[in-house]
Amino acid sequence: MTDYIIIGHGLAGSVMAHHLIARGQKVEVFEAELPHSASAVSVGLVNPLIGPKLNPPFMITECLIENELFFRQCERAWGRKFYQTIPLHRLFMSEKQKKAWNEMEKNSDFISFQNGQWNSVQYQKIGILAEHGGGITKNAWQLDVPSFLGASKEYLIANNSWRNSAFEKGSKKEGQKIIFCEGFRVQENPWFKDLPFAPARGEVLTVQSKINLALSNGSWHLPGFADYAYLGSTWDHQNLFSGPTENGKKEILRKCNFVDFSKKDFPQHLSGVRSGTKDRQPIIGVHPDHGNLFLFNGFGSRGTSTIPHYAKKMTDFLLKNKPLPTESNLNRFI
Ligand SMILES: Cc1cc2nc3c(=O)[nH]c(=O)nc-3n(C[C@H](O)[C@H](O)[C@H](O)COP(=O)(O)OP(=O)(O)OC[C@H]3O[C@@H](n4cnc5c(N)ncnc54)[C@H](O)[C@@H]3O)c2cc1C
């Protein structure tokens, strides 16, 4: 007897499924492998200092703790490795940004996120243009998203919890508990489509790169498989189904101008849609009129950092009736 049906096996649906399974629930996961999914193109970066002001994002310490617990538990159970820490070099865009970093170095609140600086000469020696130098971010992580999702799918298939099809609305028994984790496709969901979502399409390139460093100036160069790296990304709120595009490629190369990629090939060029929200917080909780329909969505550009934390909160809500965090609770719109 299934306790919960989960619609979608991106990062949100998969992490939600394993939280419930770990608490003794029987789940059935429906995945239709639709194009433009965010998790299919995500590079899985967990960055603890974000934006031009290099601020730690909301609840980052709690999220890092929950990530460590959740992904390590999956690694042990499935005999795979997919979550690792990476020194992330934040290339300063200006002297002002460098000054902000220097100020943070004096503040004990940031001690767990900073690990020194490199100057422009150090970067130049390995072919990186960084006029203002850069700061090394400690406690940045990278999830190998395809490996994690592949291992999760294998587990669900082996436990007869996987349905390789679209969920047909109306095909289940009245009252069946359903958790919708459809990413930006929530826009086709009759019960939740009117919530204030703000989807944004993003593109990624792969490039052969001998630079074995994770670099970011807002855009990023992340070492990937063999001697290839990922470059990204872009933001497009209008043309969700149109990518990848030539303009997207140009934009990525313009923003990642800290390395000369002019003579390079780009074997892969991908596009996916982030399921963002207007207030930039996830939307999780129960439908106001249908107590059996739940939503777990809206993780925007930071799903790798936040999904395990909110999946734990959602599981506590479902199984123990504990209140959901106010900032993410669907009921803030009612
Ligand atoms: C270019 C790019 C780079 C990114 N890089 C990062 C990063 O470095 N770090 C980070 O934290 N985040 C990153 N993100 C964001 C991250 O990918 C998302 O936060 C996260 O993957 C969202 O997962 P999700 O499961 O909510 O949605 P999705 O990944 O979109 O998954 C939804 C799933 O539901 C399925 N589905 C939908 N409707 C149905 C249905 N009716 N029946 C069955 N199945 C259905 C779809 O096929 C899909 O697999 C990036 C996003 C993009 C676009």
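Residues numbered from 1 in each chain as written. Predicted model: local features only at pLDDT ≥ 70, side-chain atom pairs only at ≥ 80, totals over all residues.

Looking at the overall build of the protein
Okay, so step 1: Each helix and strand counted, the protein has 7 helices and 15 strands in total.
Okay, so step 2: Taking 334 residues into account, the globule formula puts the C-alpha radius of gyration at 20 Å, and the protein, at 20 Å, falls close to it.
Okay, so step 3: For the protein, the spread of C-alpha atoms along the three principal axes comes to 65 × 45 × 40 Å.
Okay, so step 4: Put simply, the protein has 334 residues, and 44% of those count as buried. (Helix = DSSP H or I, 4+ residues; strand = E, 2+ residues; numbered from the N terminus. Rg over C-alpha atoms; globule rule 2.2 N^0.38 Å. Buried ≥ 20, exposed ≤ 12 C-beta atoms within 10 Å, placed from the backbone.)

Re the pairing of strand β13 (residues 269-274)
Okay, so step 1: Taken across its 6 residues, β13 has 5 buried, putting it largely inside the fold.
Okay, so step 2: The pairing of strand β9 (residues 200-208) with β13 spans 6 bridges and is antiparallel. Residue Ala 200 lies in a different strand from β13, and its bridge partner there is Arg 274. (Pairing = 2+ DSSP bridges.)

Examining the site of the ligand
Okay, so step 1: In the region of the ligand, 41 residues are neighbours, and Gly 8, Gly 10, Ser 39, Gly 183 and Gly 303 sit closest.
Okay, so step 2: Only α1 (11-22), β9, β13 and α7 (303-320) provide two or more residues apiece to the shell around the ligand.
Okay, so step 3: Taken domain by domain, the makeup of the shell around the ligand includes at least three residues from each of domain 1 (4-43 + 146-195 + 278-333) and domain 3 (200-274). (Near = placed C-beta within 6 Å. Domains from an automatic or database assignment.)

Structural notes on the sheet that holds strand β7 (residues 162-163)
Sheets are built from strands that pair by backbone hydrogen bonding, the pairs being arranged parallel or antiparallel.
Okay, so step 1: Within the open sheet, the 6 strands sit side by side as β7-β2-β1-β8-β15-β14. Their pairing is mixed. Lying at the two open borders of the sheet, with one neighbouring strand each, are β7 and β14 (283-286).

Looking at the nonpolar core
Okay, so step 1: Grouped together as the largest cluster of nonpolar side chains are 80 residues, with contacts concentrated most on Ile 6, Met 16, Ile 179, Phe 180 and Phe 296.
Okay, so step 2: Ranked by the residues each element gives to this core, the list is headed by α1, at 6 residues.
Okay, so step 3: Ignoring sequence-local partners within four residues, the contact set of Phe 180 consists of Ile 7, Val 186, Asn 189, Phe 192, Phe 294, Leu 295 and Asn 297. (Core = buried A, V, L, I, M, F, W, Y, C linked by C-beta atoms within 7 Å. Contact = placed C-beta atoms within 7 Å.)

Things to note about the domain arrangement of the protein
Okay, so step 1: Annotation of the protein at the domain level lists domain 1 (4-43 + 146-195 + 278-333), domain 2 (45-143) and domain 3 (200-274).
Okay, so step 2: Averaged C-alpha coordinates put domain 1 and domain 2 at centres separated by 28 Å.
Okay, so step 3: Listed per partner, the contact involves 14 residues of domain 1 and 15 residues of domain 2.
Okay, so step 4: For the side of domain 1 that touches domain 2, the leading source of residues is α7, giving 6 residues.
Okay, so step 5: Of the residues in the side of domain 1 that touches domain 2, the class split is 6 nonpolar, 6 polar and 2 charged. (Nonpolar A, V, L, I, M, F, W, Y, C, P; charged D, E, K, R; others polar.)

Here's the deal with the pairing of β14
Okay, so step 1: Neither face of β14 is left uncovered, since the one carrying Ile 283 and Gly 285 and the one carrying Ile 284 and Val 286 both have all their residues buried.
Okay, so step 2: Here β14 folds back onto strand β15 (residues 293-297) in antiparallel fashion, the turn holding 6 residues.

What to know about the packing of helix α2 (residues 60-78) against α7
Okay, so step 1: At a minimum axis distance of 8 Å, the contact between α2 and α7 shows a crossing angle of 80°. By the angle between their directions, the pair α2 and α7 is classed as roughly perpendicular. For the pair α2 and α7, the contacting residues are Ile 60, Glu 62, Cys 63, Glu 66, Asn 67 and Phe 70 in the first and Ser 305, Thr 306, Pro 308, His 309 and Lys 312 in the second.
Okay, so step 2: Among the residues forming the contact of α2 with α7, the class breakdown is 4 nonpolar, 4 polar and 3 charged. (Axes fitted to C-alpha atoms, helices over the stretch in contact; angles between N-to-C directions. Parallel < 35°, antiparallel > 145°, perpendicular 65-115°, else oblique.)

Let's talk about the environment of Phe 58
Okay, so step 1: Tracing the chain through its elements places Phe 58 in the loop between β3 (45-46) and α2.
Okay, so step 2: Residue Phe 58 is classed as partly exposed on the basis of its 14 C-beta neighbours within 10 Å.
Okay, so step 3: With 223 residues separating them along the chain, Phe 58 and Gln 281 place their C-alpha atoms 9.6 Å apart.

Notes on the packing of α1 against helix α5 (residues 145-158)
Okay, so step 1: Orientation of α1 relative to α5, taken along the N-to-C sense of each, is 50°, at an axis distance of 11 Å. What the angle tells us is that α1 and α5 run oblique. As α1 packs across α5, the resulting crossing turns out to be left-handed. Taking contact as the criterion, the partners of Leu 11, Ser 14, Ala 17 and His 18 in α1 are, on α5, Val 145, Leu 149, Ser 152 and Leu 156.
Okay, so step 2: Grouping the amino acids of the contact of α1 with α5 by side-chain chemistry returns 5 nonpolar, 3 polar and no charged. (Left-handed = near helix turned anticlockwise from the far one by under 90°.)

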